[in-house]
Amino acid sequence: MGVDALPFIKIRRELHKIPEPGFKEFKTQRFLLDYLNGLPQERMEIKTWRTGILVKVRGSNPSKRLGYRADMDGLPITEETSCEFRSTHPGFMHACGHDMHMAIALGVLTHFVENQVKDDLIFIFQPAEEGPGGAQPMLASKEFQDFQPDAIFALHIAPEYPVGTVALKPGILFANTSELFIDLKGKGGHAAFPHTANDMVIAAAHLATQLQSIVSRNIDPLDSAVVTIGKIEGGTKQNIIAEKARLEGTIRTLSMESMQKVKSRIEALVRGTEAGFECSAAIDYGANYCQVYNDETLTREFMDWVQESGVANLIECKTAMTGEDFGYFLAEIPGFLFWLGVNTPYGLHHARIEPDEGAIEVAIRVLTQYFTFKAS
Ligand SMILES: CC(=O)N[C@@H](CCC[C@H](N)C(=O)O)C(=O)O
């Protein structure tokens, strides 16, 4: 089955220009709706939920519904690529491939609007994957429940794999995650009189270092966990002792027990910071995502099918400490997520990431053939 991916490469470029934060994907939603409304409508039913969209493509004689989910939001990153279709939204970029994910979903959807299969297909354009998390509230919505699929699938671009490759494994693919925000409040003062103040820049620096001892000293070395502090903010001027500081980070674990352990150690170290630096502290865990757990049977079946059909090269990969709120869909509905090779030297969330658009054709081919196999 040949795939003309060119229209979807063009769509990806248009989407790349308009990255928006979670639950503010207004232009993205408009763009997708304009495209969907331009397709023949006889087999389609379109619903919106907040800034998301759900589309049912009716089958000829349905006995089940297969779901496919694409995420929609961009990241607060200033793009540093030299491509012609750079972000037009200053300070925002599609640096996690969601522009690719949406274009691929439209390519697959368009194929099935034109080529009806037996079962219903549900296409889910989900907002706010990067935060605060659109999957959980979308799952609970009436709009989603009206279209509730019996199985659900998704992909994520993978910079490290060549184009033409899909990678996955049965069981746990991505980690449990929790955001982490710690606000420290002390006493500001003149830089020349440190003994009259409680310096929150120094408190934050000590705390950031101490937090790095949690994984190395409190987690079983045969388990895996991550505590990353991605941002520290504090102070107002070089000669003023900072009254406030804020640390922002993320926690990743492979079990909820380890998540609880990491959080209880963070709380102990923060209490120690309060005592040691005579300050007050507040912890906020922000958005929490459950692990992405690939259904063993469906995943094995897909892996065997990829290998037998030769539709793509297959890699059985390791678990990654990435997070994905698609895990909430998989906690309720059997399915899987796979990595799609896009072969670029810069990683996810990097200002210079430029996925190879050849992967769009690969993904549309894999998914249209897989859904034809599953839904006929
Ligand atoms: C695929 C990917 O990169 N996902 C994000 C999910 C972010 C979850 C949440 N905002 C957090 O930072 O904990 C990731 O960073 O793995």
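- Per an unreviewed UniProt entry, the protein chain is named N-acetyldiaminopimelate deacetylase, and its organism is Aneurinibacillus danicus.
- Turning to the protein chain, the UniProt annotation filed under Pathway (unreviewed entry) states: "Amino-acid biosynthesis; L-lysine biosynthesis via DAP pathway; LL-2,6-diaminopimelate from (S)-tetrahydrodipicolinate (acetylase route): step 3/3."
- Under Catalytic activity (unreviewed entry), UniProt gives the following word-for-word description of the protein chain: "N-acetyl-(2S,6S)-2,6-diaminopimelate + H2O = (2S,6S)-2,6-diaminopimelate + acetate".

### Some details on the sheet that holds strand S4 (residues 120–126)
Picture the strands of a sheet paired through backbone hydrogen bonds; they go either parallel or antiparallel.
Okay, so step 1: If you trace the eight strands from one edge of the open sheet to the other, you get S1-S2-S4-S3-S5-S17-S6-S16, paired in mixed fashion. A single partner strand is all that each edge strand has here, and the edge strands are strand S1 (44–49) and strand S16 (313–316). Neighbour-to-neighbour, the strand axes of the sheet open up by a mean angle of 25 degrees, direction not taken into account.
Okay, so step 2: Bridge analysis of strand S6 (residues 165–168) against S16 gives four bridges, and the strand direction is parallel. Bridging across to S16, Thr165 finds its partner in Asn313.

### Some thoughts on the packing of helix H8 (residues 296–309) against helix H10 (residues 358–375)
Okay, so step 1: Two numbers describe how H8 lies on H10: the axes approach to 12 Å, and their chain directions differ by 115 degrees. The handedness of the crossing between H8 and H10 is right-handed. Residues Leu298, Glu301, Phe302 and Trp305 of H8 touch H10, and the partners they reach there are Val366, Gln369, Tyr370, Phe373 and Lys374.
Okay, so step 2: Among the residues forming the contact of H8 with H10, the class breakdown is six nonpolar, one polar and two charged.

### What to know about the domain arrangement of the protein chain
Okay, so step 1: For the protein chain, the assigned domains read domain 1 (6–172 + 291–375) and domain 2 (176–288).
Okay, so step 2: Each of domain 1 and domain 2 was reduced to a C-alpha centroid, and the two centroids are 35 Å apart.
Okay, so step 3: At the junction of the two partners, domain 1 supplies ten residues and domain 2 supplies eleven residues.
Okay, so step 4: At the junction of domain 1 with domain 2, the criterion picks out zero salt bridges.
Okay, so step 5: Looking at the side of domain 1 that touches domain 2 residue by residue, the class counts come to four nonpolar, five polar and one charged.

### Let's talk about the site of the ligand
Okay, so step 1: Near the ligand there are 13 residues, and of these Glu130, Glu179, Thr250, Arg252 and Gly323 occur at the shortest range.
Okay, so step 2: Against a free-state accessible area of 410 Å², the protein chains account for coverage of 90% of the ligand.
Okay, so step 3: Going through the elements one at a time, strand S8 (176–185) and strand S12 (244–253) are the ones with two or more residues in the shell around the ligand.
Okay, so step 4: Here the shell around the ligand gets three residues from one element, more than from any other, and that element is S8.
Okay, so step 5: Here the residues of the shell around the ligand sort into two nonpolar, seven polar and four charged.
Okay, so step 6: Composition of the shell around the ligand by domain shows at least three residues from each of domain 1 (6–172 + 291–375) and domain 2 (176–288).

Each value, and the rule that gives it
- Residues numbered from 1 in each chain as written.
- Predicted model: local features only at pLDDT ≥ 70, side-chain atom pairs only at ≥ 80, totals over all residues.
- Heavy atoms only, no water.
- UniProt positions renumbered as here; feature names shortened; annotations may be inferred.
- Pairing = 2+ DSSP bridges.
- Helix = DSSP H or I, 4+ residues; strand = E, 2+ residues; numbered from the N terminus.
- Axes fitted to C-alpha atoms, helices over the stretch in contact; angles between N-to-C directions.
- Left-handed = near helix turned anticlockwise from the far one by under 90°.
- Contact = heavy atoms within 4.5 Å.
- Nonpolar A, V, L, I, M, F, W, Y, C, P; charged D, E, K, R; others polar.
- Domains from an automatic or database assignment.
- Salt bridge = Lys/Arg side-chain N within 4 Å of Asp/Glu carboxyl O.
- Near = heavy atom within 4 Å.
- Areas by Shrake-Rupley, 256 points an atom, 1.4 Å probe, with all protein chains shown as cover.

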